[in-house]
Amino acid sequence: IQLGTRRGIQATPIVVDGIMFFTGPWSTVYAVDARKGSIIWKYDPEVPREKALNLCCGVVNRGVALYKGAIILGTLDGRLISLDAVNGTLKWSVMTVSNKDGYRYSITGAPRIVKGNVIIGNGGAEFKARGYVTAYNAETGGAQLLARKKPPKKGYRPCAPEGLGKVKGPYGRR
């Protein structure tokens, strides 16, 4: 099939009932009929093209997660998005990163689902951004948890994504 891009696809596809779901460059999501080789729907989250300046290794995205009829993905500009698996319409979207601290965050990895929560980490360490992992309710997008990947440097004042409030303790907040 032709996806309209010359950039590579790095996502691992997920196939359910003959429908293959995967992401391409710029966090674009595809639903493809694997039997016929035809695109059923395509969702472009319209990541601002200047965001490419915040990425070390291209405008790649490494996949989606599925949960109760939803396709969930992280975007290069730090959003976590849930789409209806049948038609690709937006169910919810939440910003998972804060650039208030001056660091350049992104998401290129695939989300994971654990006990009804979407777990997502962020990229940006190559630009000195201090990473963290967040969890969101898979059905509503509501913020659940923020956990830092390593202890903060002395004097570091983290900025949490919207809905998670202030970060408490050395490693995170519940």
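Rules of the game
- Residues numbered from 1 in each chain as written.
- Predicted model: local features only at pLDDT ≥ 70, side-chain atom pairs only at ≥ 80, totals over all residues.
- Heavy atoms only, no water.
- Pairing = 2+ DSSP bridges.
- Helix = DSSP H or I, 4+ residues; strand = E, 2+ residues; numbered from the N terminus.
- Axes fitted to C-alpha atoms, helices over the stretch in contact; angles between N-to-C directions.
- Buried < 20%, exposed > 50% of the residue type's maximum accessible area, 1.4 Å probe, protein only.
- Polar contact = N/O pair within 3.5 Å; in protein donor to acceptor, adjacent residues only side chain to side chain.
- Contact = heavy atoms within 4.5 Å.
- Salt bridge = Lys/Arg side-chain N within 4 Å of Asp/Glu carboxyl O.
- 1 Å grid on protein atoms, 1.4 Å probe; cavity = no way out; pocket = protein on both sides within 12 Å on 5 of 7 lines; lining within 4 Å.
- Points joined across faces, edges and corners; volume = space filled by probe spheres on them.
- Nonpolar A, V, L, I, M, F, W, Y, C, P; charged D, E, K, R; others polar.

Visitor: Just checking my understanding: could you explain the sheet that holds strand 5 (residues 65–67) for this structure?
Guide: The strands that make up a sheet pair up through hydrogen bonds in the backbone, lying either parallel or antiparallel. The sheet built from four strands is open, its strands ordered 5-6-7-8 with antiparallel pairing. The open sheet is flanked by strand 5 and strand 8 (90–95), the only strands paired with a single partner. Between one strand axis and the next, the sheet turns through 20° on average, direction left out of account.

Visitor: When you look at the side chain of Thr 28 in this model, what are you seeing that I'm missing?
Guide: Of note, Thr 28 is situated in the loop between strand 2 (19–23) and strand 3 (29–33). On the accessibility criterion, Thr 28 (6% relative accessible area) is buried. Within the structure, the side chain of Thr 28 is placed 3.3 Å from the backbone oxygen of Pro 25, a separation counted as a polar contact. Aside from chain neighbours lying at most four places away, what touches Thr 28 is Phe 22, Thr 23, Lys 42, Tyr 43, Asp 44 and Pro 45.

Visitor: Is there a simple way to explain the sheet that holds strand 1 (residues 14–16) in this structure?
Guide: In spatial order, the strands read 1-2-3-4; together these four strands make up an open sheet with antiparallel pairing. Strands at the two margins of the open sheet, each flanked by one partner only, are strand 1 and strand 4 (38–43). With strand direction ignored, the average angle separating the axes of adjacent strands in the sheet is 20°. Looking at chain direction, strand 2 and strand 3 are connected through five bridges and run antiparallel. Its bridge partner being in strand 3, Met 20 is matched across the sheet by Val 32.

Visitor: Where do I start with the pattern of salt bridges in this structure?
Guide: Counted according to the given criterion, the structure contains two salt bridges. In this structure, the salt-bridge partner of Lys 68 is Glu 139, at a minimum N-O distance of 3.4 Å. Note that Lys 68 is positioned in the loop between strand 5 and strand 6 (70–74) and Glu 139 in the loop between strand 11 (132–137) and strand 12 (143–148), a separation of 71 residues in sequence. Here Glu 139 falls in the exposed class, since its relative accessible area comes to 51%.

Visitor: Quick question: what am I supposed to make of unusual backbone geometry here?
Guide: With the exception of glycine, most residues fall at negative phi, and the peptide bonds are largely trans. Residue Ser 27 is not a glycine yet carries a positive backbone phi of 65°. With respect to the helices and strands, the residue Ser 27 is situated in the loop between strand 2 and strand 3. Using a relative accessible area of 0% as the deciding quantity, one classes Ser 27 as buried. If you check the backbone angles, Glu 46 has positive phi at about 55° while not being a glycine. Counting through the fold element by element, Glu 46 comes out in the loop between strand 4 and strand 5.

Visitor: Can you walk me through the environment of Ala 65 in this structure?
Guide: Of note, Ala 65 is situated in strand 5. Owing to a relative accessible area of 6%, Ala 65 belongs among the buried residues under this scheme. If sequence neighbours within four positions are ignored, Ala 65 has contacts with Ile 14, Ala 70, Ile 71, Ile 72, Pro 111 and Ile 113.

Visitor: For this particular structure, what's the right way to read the layout of surface pockets?
Guide: Which parts of space are left empty comes out when a probe the size of a water molecule is rolled across the atoms. As a volume, the second largest pocket reaches approximately 150 Å³. Contributing to the lining of the second largest pocket are 15 residues, with Val 16, Ile 19, Phe 21, Ala 85 and Val 86 lying nearest its centre. Every element with two or more residues in the lining of the second largest pocket is listed here: strand 2, strand 4, strand 5 and strand 6. A per-class count over the lining of the second largest pocket returns 12 nonpolar, one polar and two charged.

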